[in-house]
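# Observations on the three-dimensional arrangement
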Amino acid sequence: MCEVTAAASTRLPSDASAPRLARLFLRGARCPQHHSTVLDDAELLTSELVTNAVVHGAPPVTLAVECDTSSGMRVRVTDGSSRTPLPRAARPADVDGRGMALVDLLSAAWGAEPTERGKEVWFLLRRSSGSGPRGRSARDEAAQRWGP
Ligand SMILES: [Zn+2]
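Fair warning: this is a prediction, and the values are worked out from it, not measured in the lab.

## Some details on the overall build of the chain
Helix and strand content of the chain: 4 helices and 5 strands. Counting helices and strands in the order they occur from the N terminus, the chain gives β-α-α-β-β-α-β-β-α. For the chain, the residues scored as buried account for 30% of the 148 residues in total. Looking at the chain alone, contacts between residues at least 24 apart form 63% of all its contacts between residues at least 6 apart.

## Re the sheet that holds strand β2 (residues 61–66)
Here 5 strands make up an open sheet; going across it, the order is β1-β2-β3-β5-β4 and the pairing antiparallel. The open sheet terminates on both sides in strands that have one partner only, identified here as β1 (8–12) and β4 (109–115). The mean inter-strand angle of the sheet, taken between neighbouring strand axes irrespective of direction, is 15°. Pairing geometry for β1 and β2, over 5 bridges, is antiparallel. What sits directly across from T10, in β2, is L63.

## A word on the nonpolar core
Core analysis: the biggest nonpolar cluster contains 25 residues, and A42, L49, V50, V61, V77 and V103 have the highest contact counts within it. Of all elements in the fold, only α1 (18–29), α2 (39–55), β2, β3 (73–79), α3 (95–106) and β5 (118–125) reach the threshold of two or more residues within this core. At 6 residues, α2 tops the list of elements feeding residues into this core.

## Section: the environment of C2
Following the sequence through the fold, C2 ends up in the segment before β1. Note: C-alpha distance between C2 and T69 (67 residues apart in sequence) is 5.2 Å. Residues within four places of C2 in sequence aside, it is in contact with C31, H34, C67 and T69.

## What about unusual backbone geometry?
Backbone geometry follows two general trends: most residues other than glycine have a negative phi, and most peptide bonds adopt the trans configuration. In this model, P59 is joined to P60 through a cis peptide bond whose omega is -5°. Its location among the elements puts P60 in the loop between α2 and β2.

## Points about the confidence of the model for the chain
Mean pLDDT over the chain stands at 82; residues scoring 70 or higher make up 76%. Considering each helix and strand of the chain separately, the mean pLDDT is smallest for helix α4 (residues 138–146), with a value of 48, and largest for β1, with 97. Low pLDDT, under 50, characterises residues 129–139; the stretch is placed with 10 contacts to residues that sit more than four places away or in other chains.

## Here we look at the pairing of β3
Most of β3 is tucked away: 6 of the 7 residues are buried. Pairing between β2 and β3: 5 bridges, direction antiparallel. For V65, the partnering residue across the bridge sits in β3 and is V75. Two strands pair when backbone bridges link them, and β3 and β5 are joined in this way by 7 bridges, in the antiparallel orientation. Across the sheet, the residue bridging to R76 is W122, located in β5.

## Describing the packing of α1 against α2
Where α1 contacts α2, the two axes come as close as 9 Å, and the packing angle between them is 140°. Classed by the angle they form, the pair α1 and α2 counts as oblique. Remark: the crossing between α1 and α2 carries right-handed chirality. On α2, the residues touching A18, P19, A22, R23 and L26 of α1 are A42, E43, T46, S47, V50, T51 and V54.

The rules behind each value
- Residues numbered from 1 in each chain as written.
- Predicted model: local features only at pLDDT ≥ 70, side-chain atom pairs only at ≥ 80, totals over all residues.
- Helix = DSSP H or I, 4+ residues; strand = E, 2+ residues; numbered from the N terminus.
- Buried ≥ 20, exposed ≤ 12 C-beta atoms within 10 Å, placed from the backbone.
- Contact = placed C-beta atoms within 7 Å.
- Pairing = 2+ DSSP bridges.
- Axes fitted to C-alpha atoms, helices over the stretch in contact; angles between N-to-C directions.
- Core = buried A, V, L, I, M, F, W, Y, C linked by C-beta atoms within 7 Å.
- pLDDT = per-residue confidence, 0-100.
- Parallel < 35°, antiparallel > 145°, perpendicular 65-115°, else oblique.
- Left-handed = near helix turned anticlockwise from the far one by under 90°.

Take a look at the structure:
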């Protein structure tokens, strides 16, 4: 467990304001020591999962963030429907599937599991995950070479 930031969770409304509230919560709940490089992707993917939960799932929708002291970030979204998303079967017109395809693309790992009251969809981001130059900055390279 992280000594800087405790695990946090919140319940979100089941309406169009949920993705915005989810992003605000994520900013407040993320660990300032460990999560500095993955927040953009985390906000994007959390918006997708929360949108899916509101549009295709059922209340209550909850969002949880927990720091595991790595540079990665694990986010969990639960809702009251046991219907799980199927990203690989998504067609272009299927918004639900598109969101999950994005999660599949950007996350280091993700999963969807039934719970007692519905389901939980989670994803794990790693600093080097995702596409392109966001993975590692010149400052990171320098810090590694010369120490902090
Ligand atoms: Zn932390």
